[in-house]
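Fold and geometry: a report
This is what each chain is made of:
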Amino acid sequence: MPENGEGPVPALSLTSSTVDEITVIKVDGVLDATTREQFADYLAMAGSNLILDLSGVTFMDSRALGLIVHHWQTSLASDTRFALIGVEYSKSKVMWITGLAQRLPLYDTLDDALAAIG
């Protein structure tokens, strides 16, 4: 237990907001096998138009990437809006290793994503 008495820091924090009828989910922490179910459940509750803010991700594995790809493919099939923002190579290498970084709709900022998909 930390000396400040606050307890352990959660591995994953998910928060959402709505901008221009698009759900924006802010992801903070680790996206791996230990947090996959929590991430999947949260994504399942999101609307069909979705922006994932991954700027707070500290690590991502292939299972989490699989969930993201599933939502991207669903958006393509249903003609809904989907984007990723704040993706950092050092914390999401799996996107580049798999070649998906060149295919997924990646944007630097929320404004960039909204301008592209809005």
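Note that this is a predicted model, so its numbers are computed, not measured.

What follows concerns the overall build of the protein chain. Counting its secondary structure elements, the protein chain contains 4 helices and 5 strands. Order of helices (α) and strands (β) in the protein chain, N terminus to C terminus: β-β-α-β-α-β-α-β-α. Taking 13 Å as the expected radius of gyration for a compact globule of 118 residues, we find that the protein chain reaches 14 Å, a close match to that expectation. Its C-alpha atoms give the protein chain principal-axis dimensions of roughly 50 × 30 × 25 Å. A separation threshold of at least 6 residues defines the contact pool for the protein chain, and within that pool the share at least 24 residues apart is 63%.

Next up on the list: the nonpolar core. Counting 27 residues, the largest nonpolar core has Phe39, Leu52, Leu54 and Met60 as its most contacted members. For this core, the leading source of residues is helix 2 (residues 62–78), giving 6 residues. Beyond its immediate sequence surroundings of up to four residues, Phe39 is in contact with Leu12, Leu14, Val27, Leu31, Leu52, Ala64, Leu67 and Ile68. Of all hydrophobic cores here, the second largest spans 8 residues; its members include Ile22, Ala83, Ile85 and Ala113.

Our next topic: the environment of Leu50. Position of Leu50 relative to the elements: it lies in strand 3 (residues 50–60). Overall, the relative accessible area of 2% leaves Leu50 in the buried class. Between the C-alpha atom of Leu50 and that of Glu21, which follows or precedes it by 29 residues, the distance is 9.1 Å. Once you skip the residues sitting within four places of it in the chain, Leu50 turns out to touch Ile22, Thr23, Ile25, Leu43, His71, Arg81, Phe82 and Ala83.

On to the pattern of salt bridges, then. According to the stated counting rule, one finds 2 salt bridges in the structure shown. As a salt-bridge pair, Lys26 and Asp28 come within 3.1 Å of each other at their nearest N and O atoms. Accessibility expressed as a relative area gives 24% for Lys26, which makes it partly exposed. Residue classification places Asp28 among the partly exposed residues on the basis of a relative accessible area of 30%.

What follows concerns the UniProt feature "domain: STAS" (unreviewed entry) in the protein chain. With numbering matched to this structure, UniProt assigns "domain: STAS" (unreviewed entry) to residues 12–117. Span residues 12–117 is 38% helix and 33% strand, its end C-alpha atoms 27 Å apart.

Mapped onto the secondary structure, Thr23 falls in strand 2 (residues 22–31). With relative accessibility at 16%, the residue Thr23 sits in the buried group. When sequence neighbours within four positions are dropped, the list of residues in contact with Thr23 reads Ser16, Ser17, Ala46, Gly47, Asn49, Leu50 and Ile51.

Take the packing of aromatic side chains next. One pass over the structure, following the stated rule, counts 1 aromatic pair. Between Tyr89 and Trp96, the aromatic rings sit 5.4 Å apart at their centres with planes inclined by 80 degrees, giving edge-to-face as the arrangement. Assessed through its relative accessible area of 46%, Tyr89 is described here as partly exposed. On the basis of relative accessible area, Trp96 is assigned to the partly exposed category, the value being 28%.

Reading the values: the criteria
By convention here, each chain's residues receive numbers from 1 onward along its written sequence. The model is predicted, so local features are restricted to residues of pLDDT at least 70 and side-chain atom pairs to those at 80 or more, both for listing and for counting; the totals for chains, interfaces and linings are taken over all residues. Side-chain calculation: all heavy atoms of the structure are included, whereas hydrogens and water are not. The numbering of helices and of strands both runs from the N terminus, where a helix is a DSSP run of H or I of at least 4 residues and a strand a run of E of at least 2. The reference for a compact globule is 2.2 Å times residues^0.38; the radius of gyration itself is calculated from the C-alpha atoms. Contacts are residue-level and defined by heavy atoms, with any inter-residue pair within 4.5 Å sufficient. Among buried residues, the Ala, Val, Leu, Ile, Met, Phe, Trp, Tyr and Cys ones that are joined through side-chain atoms within 4.5 Å form a nonpolar core. Any residue under 20% of the maximum accessible area for its type is buried, any over 50% is exposed, and the rest in between are partly exposed; the area is computed with a 1.4 Å probe on protein chains only. The salt bridge criterion pairs a side-chain nitrogen of Lys or Arg with a carboxyl oxygen of Asp or Glu, the two atoms within 4 Å. UniProt positions are given in the numbering used here, feature names are shortened, and annotations may be inferred rather than shown by experiment. Paired rings are identified among Phe, Tyr and Trp, the last through its six-membered ring, by centres lying within 6.5 Å, and are further divided according to the angle between planes into stacked (under 30 degrees), edge-to-face (over 60) and tilted (the rest).

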